[in-house]
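Results of the structural survey
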Amino acid sequence: FLVIIPFNDNIGSMKNDLIFTATDGEKLSLTSFGDPTDVERRCVIFVHGFKGFKDWGFVPHIGKYLADRGFFALTFNFSHNGIGDQPTEFTELDKFAKNDFSREIRELNELIDACKSGFFGRKFDQVGLVGHSRGGAITVLTATGNKAVKAAVTWASVARLDRYSDAVKKRWREVGYLEIKNMRTGQIMNLNSTLLDDLEKHGDSLLNIEQGVKNLDRPYLVIHGENDEAIPHIEADQLAGWGDSDKTELIKIPETGHTFGAAHPWVGMPDDLEKVLDHTASFFDKHL
């Protein structure tokens, strides 16, 4: 069963921290924004990317912004994103190493089920997803197979999950892990071959982003910075090109990068991020 444990007794207050227990017993930390008992509210879930987390820079401000615009918003940490008891520090590198894409899709589906089932104080039949970077891929792949998702938005999303050369994969197999350096913290964050196994097993099916977008028969908004230093904006063109032209929109933000001007720790709302948030909220206003 899914279990929601509030850290305080007033789940209907503006902001609440919670623990979500998934069907395999893994714990996900969540923060909710807005009053779930407000009948006008629809549920929007923000999906963080690789090396992302719910308390990174702009994420709490996304939740508040969406709540102020009339949505019940959820931000969360995937169980294996590496964040433990310290909300802004990677202290669970063993879990990070064992993470894979299929796990994230399953966990997001379980959160959507919780929204539908009333675990947050009411049953939501209108759920929207917004995902950043790799979280954009997880957003699309989840939405494709879950009809409870009525609209999806991706920010600076990847258009493919297989981003590794044959030489890297060969070495990955030989050593058993791939070293990833976190440029912000300086930490070496290993990825076990479980992620590579997942990619090779499901790359043409569950993890095929092109096919996922082509099968996404619901409203879809693609937003990307034209100066994205991490993911070229041509990948936004690919995502939008695969989508149904009647239901897919593409917005490029000039002269901005992967996080739309935001940084960690938070230093204030950049103009470009505010544009992204306004486009996102207006899209959900129209389609939820």
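No experiment lies behind these values; they were computed from the predicted model shown.

Focus: the packing of helix α1 (residues 59-68) against helix α9 (residues 271-287)
- As a packed pair, α1 and α9 sit with axes 11 Å apart at the nearest point and diverge in direction by 45°. One finds that α1 runs oblique with respect to α9. Note on packing geometry: the crossing formed by α1 with α9 is right-handed. Residue-level contacts link Ile62, Tyr65 and Leu66 of α1 to Glu274, Leu277, Asp278 and Ala281 of α9.
- Here the residues of the contact of α1 with α9 are counted per class, giving five nonpolar, no polar and two charged.

Description of the side chain of Thr31
- Inspection of the secondary structure assignment puts Thr31 in strand β3 (residues 27-33).
- On the accessibility criterion, Thr31 (3% relative accessible area) is buried.
- Separated by 2.9 Å, the side chains of Thr31 and Lys54 make a polar contact.
- Apart from the residues within four sequence positions on either side, Thr31 is in contact with Lys15, Asn16, Asp17, Lys54, Ala73, Leu74 and Thr75.

Brief notes about helix α4 (residues 134-145)
- In this model, α4 (12 residues) spans 18 Å end to end at C-alpha, consistent with the 16 Å of a helix rising 1.5 Å per residue.
- Where burial is concerned, most of α4 is hidden: 11 out of the 12 residues are buried.
- Among all positions of α4, only Arg134, Gly135, Gly136, Ala137, Ile138, Thr139, Val140, Leu141, Thr142, Ala143 and Thr144 are buried.

Some thoughts on the nonpolar core
- In this structure, Ile45 and Trp155 are the most contacted members of the largest nonpolar core, which totals 86 residues.
- Here this core takes seven residues from helix α3 (residues 101-117), the largest share from any one element.
- Residue contacts for Ile45: discarding those within four places in its chain leaves Leu74, Phe76, Leu108, Leu111, Ile112, Cys115, Val127, Gly128, Leu129 and Val130.

A word on the packing of aromatic side chains
- Within this structure, the stated rule accounts for 14 aromatic pairs.
- An angle of 5° between the planes, with centres 5.2 Å apart, marks the rings of Phe72 and Phe124 as stacked. Here Phe72 is found in strand β5 (residues 71-76), whereas its partner Phe124 is found in the loop between α3 and β6 (127-132), with 52 residues between them in sequence.
- For Phe72, a relative accessible area of 1% corresponds to the buried category.
- You can call Phe124 buried: its relative accessible area is 3%.
- Taken together, the ring pairs in this structure connect Phe46, Trp56, Phe58, Trp155 and Phe260 into an aromatic cluster.
- Here the guanidinium or amino end of Arg122 rests over the ring plane of Phe124, the centre of that ring lying 4.8 Å away.

The rules behind the values
Residues numbered from 1 in each chain as written. Predicted model: local features only at pLDDT ≥ 70, side-chain atom pairs only at ≥ 80, totals over all residues. Heavy atoms only, no water. Axes fitted to C-alpha atoms, helices over the stretch in contact; angles between N-to-C directions. Helix = DSSP H or I, 4+ residues; strand = E, 2+ residues; numbered from the N terminus. Parallel < 35°, antiparallel > 145°, perpendicular 65-115°, else oblique. Left-handed = near helix turned anticlockwise from the far one by under 90°. Contact = heavy atoms within 4.5 Å. Nonpolar A, V, L, I, M, F, W, Y, C, P; charged D, E, K, R; others polar. Buried < 20%, exposed > 50% of the residue type's maximum accessible area, 1.4 Å probe, protein only. Polar contact = N/O pair within 3.5 Å; in protein donor to acceptor, adjacent residues only side chain to side chain. Expected span 1.5 Å × (residues − 1). Core = buried A, V, L, I, M, F, W, Y, C linked by side-chain atoms within 4.5 Å. Phe/Tyr/Trp six-rings, centres within 6.5 Å; stacked < 30°, edge-to-face > 60°. Lys NZ or Arg CZ within 6 Å of the ring centre and 35° of its normal.

Note that all results are geometric; they support no functional claim without further evidence.
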